[in-house]
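# Examining the three-dimensional arrangement
The primary structure of each chain is shown beneath.
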Amino acid sequence: MAETTGGGPGDGAAEVLDRPLPDGVRRRVVQIVSEGFGSLTVGELPAQLRQYARFAPNRRTKFAGNAMAAALETDPLFRQRIGEKLRETQPELTGALDSGSPPPAADPLDVAAAAYVLRPLGWVKLVTAAGEEAQRADAERADEESRAELERLRAELERARELTRAETERLRTELDSAKKETEALHRKLRAAVSDVKRGEAALRKAHRETEAVRAEGHAQVSAAESEARRLKARLGETEAALEATRRAAREGRSVEDMRVRLLLDTLLDATQGLRRELALPPVSVRPAETVDAVEPGRMTPKDIAARALSEDDPQVLDQLLALPQAHLVVDGYNVTKTGYPQMPLEKQRLRLLGQLSQLAAQSGAEVTCVFDGAELVAPVLLAPPRGVRVLFSKPGVTADELIRQLVRAEPPGRPVIVASTDREVADGVARAGARPVASAMLLKRLSRA
């Protein structure tokens, strides 16, 4: 069997196919190679086909078809091994090809594919004839399919014509009916247009009346909202005063008692300070004390003249803070935006509060710093420094109003100093009995510290 396919001088190994292998023959050749592929060992396979050794026949045909066809064409030994496997599986067909008389009942494509693998004498003619036969069969099959399609299309065309004639008659009838309905609708439309025009005129009149009522309502709502805001502010102050009263009552004393006691402490401290300032002699007067002379610690006219200070001198603030029970109220953002406006608000607050803490420790005065709550995007987490009370205004209440509330809460006679450059704030606290000072003066005093 090997000698028959070995390519001796009497076989068809020297024949050459001068045209591409027909597609149908090529598919059968790849199928033959794929079926014989699996029974070969890895060593018997060409190097380029060994990676497909474990593939199933269908996957091998799909992914390695081109590689198997090329190996069969270029590797005679591989072709011989595939031919041997073909002889084992199809002995009748291969035997007939070896004898030179292929069976007439066999498929021309199978005959051509087997001849291509075995390469018997005259195999090129068999392959060429099989390709031509396949082309003729394809042409005949396409012709039959075309004739059948043509007949089907003719039948469909006739049916479409019948349907078209019937549809045309139906549409004519519907068109006549639609014309009659259209004429009736036109009459109704003209009547409806007249009604619409009358309705639009009435609607425009109603719109004008509605706009007038709406404008009046907006004005009333605005007035009511303004009154509600004013009442809400007064209610907030009343609630704050009530809460302070309740807190003082819980502590065992009323707000008025607290104000009187604070004023009494202020008067006592002022009396003691005045006694130290004037250096009052004891009640019993001795003759030696009536002699006119300068005593140690007493001020001379020259010293009194040197005490005159300008309005923006920080020593004025020192003298105010030295008063008994002095209370310094600071308009926080007014001071920080005067002194260091380029810094973020958080750093402005921290810097000012740190300096105020030092001032409170040096002067012993009560210090309250007020910030506008409207500047905040979230609640401030802040630990107030020692000696400084930190307050933020509530929503709807400005820092200026909170400062005026603090001044009004103090008893008359207590020294209250308000640091702010805002003229409205300064005038308001001055009318309430407080002493306004400019923010620049406070900044100079803080920088000195």
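Figured I'd write up the structure that's included with this text. (Residues numbered from 1 in each chain as written. Predicted model: local features only at pLDDT ≥ 70, side-chain atom pairs only at ≥ 80, totals over all residues. Heavy atoms only, no water.)

### A closer look at the overall build of the protein chain
In terms of regular secondary structure, the protein chain is built from 14 helices and five strands. Counting only residues that meet the buried cut, the protein chain has 29% of its 449 residues in that class. In the protein chain, the proportion of contacts linking residues at least 24 apart, taken out of those at least 6 apart, comes to 63%. Summed over all atoms, the accessible surface of the protein chain reaches about 29,600 Å², with 56% contributed by carbon and sulfur. (Helix = DSSP H or I, 4+ residues; strand = E, 2+ residues; numbered from the N terminus. Buried < 20%, exposed > 50% of the residue type's maximum accessible area, 1.4 Å probe, protein only. Contact = heavy atoms within 4.5 Å. Areas by Shrake-Rupley, 256 points an atom, 1.4 Å probe, with all protein chains shown as cover.)

### Observations concerning the nonpolar core
In this structure, Val29, Leu72, Phe78 and Ile82 are the most contacted members of the largest nonpolar core, which totals 33 residues. For this core, the secondary-structure elements that each account for two or more residues are helix H1 (23–37), helix H2 (57–74), helix H3 (76–89), helix H4 (91–99), helix H5 (108–118) and helix H6 (123–250). The element contributing the most residues to this core is H5, with nine residues. In contact with Ile82, not counting residues within four places along its chain, are Ile32, Val33, Gly36, Phe37, Leu40, Leu72 and Val117. Ranked by size, the runner-up nonpolar core spans 28 residues in total, among them Ala326, Ala365, Val390 and Leu443. (Core = buried A, V, L, I, M, F, W, Y, C linked by side-chain atoms within 4.5 Å.)

### What about the pattern of salt bridges?
Inspection of every chain in the model, using the stated rule, returns 19 salt bridges. Of the charged contacts, one joins Glu227 and Arg230 as a salt bridge, the two residues approaching to 2.3 Å between their closest N and O atoms. Here the residue Glu227 and the residue Arg230 both occupy positions in helix H6, the gap between them amounting to three residues, near one helical turn. A salt bridge links Arg408 to Glu401, with the shortest nitrogen-to-oxygen separation between them at 3.2 Å. When salt bridges with common partners are traced through the structure, they connect Glu366, Arg389, Glu410 and Arg414 into a single cluster. (Salt bridge = Lys/Arg side-chain N within 4 Å of Asp/Glu carboxyl O.)

### Topic: the packing of aromatic side chains
Scanning the entire structure with this criterion turns up two aromatic pairs. The structure contains a cluster of three or more aromatic residues connected by ring pairs, namely Tyr333, Phe371 and Phe392. (Phe/Tyr/Trp six-rings, centres within 6.5 Å; stacked < 30°, edge-to-face > 60°.)

### A short note on the pairing of strand S2 (residues 366–371)
The buried count for S2 comes to five of six residues, which makes it a mostly enclosed element. Of the strand pairs in this sheet, strand S1 (residues 327–331) and S2 are connected by five bridges, and their pairing is parallel. Across the sheet, Val330 pairs through a bridge with Cys369, a residue of S2. Alignment of S2 against strand S3 (residues 388–392), held across five bridges, turns out to be parallel. Within S3, the residue paired with Val370 across the bridge is Leu391. (Pairing = 2+ DSSP bridges.)

### Some details on the sheet that holds S1
Taking strand neighbours across the sheet as the criterion, the five strands line up as S3-S2-S1-S4-S5 in an open arrangement whose pairing is parallel. Each edge of the sheet is formed by a strand with only one pairing partner; in this case those strands are S3 and strand S5 (435–437). Averaged over all adjacent pairs, the angle separating strand axes in this sheet is 20°, with direction ignored. Against the sheet, helix H10 (residues 332–339) contacts S1, S2, S3 and strand S4 (416–419), and its axis sits at roughly 65° relative to S1. (Axes fitted to C-alpha atoms, helices over the stretch in contact; angles between N-to-C directions.)

### Observations concerning H10
Listed in full, the buried residues belonging to H10 are Gly332, Tyr333, Asn334, Val335 and Thr336. Buried residues belonging to H10 abut S1, helix H11 (345–363), S2, S3, S4 and helix H14 (439–448).

### Focus: the environment of Ser34
Here Ser34 is to be found in helix H1. Relative accessible area serves as the criterion here: at 2%, Ser34 is assigned to the buried category. Along the chain, Ser34 and Pro57 lie 23 residues apart, while their C-alpha atoms are 5.8 Å from each other. With near-sequence residues (within four places) excluded, Ser34 lies in contact with Pro57, Arg60, Thr61 and Met68.

### Quick look at the pairing of S4
Neither face of S4 is exposed, since Val416 and Val418 on one face and Ile417 and Ala419 on the opposite face are all buried. Where S1 meets S4, four bridges bridge the pair, whose relative direction is parallel. In the strand pairing of S4, Val329 is matched with Val418. Both S4 and S5 contribute to a ladder of three bridges, which runs parallel. Bridging from a neighbouring strand, Ala419 pairs with Val437 of S5. For the crossover that starts at S4, traverses helix H13 (residues 423–431) and ends in the parallel S5, the hand is right-handed. (Right-handed = clockwise from strand over helix to strand, strands pointing away.)

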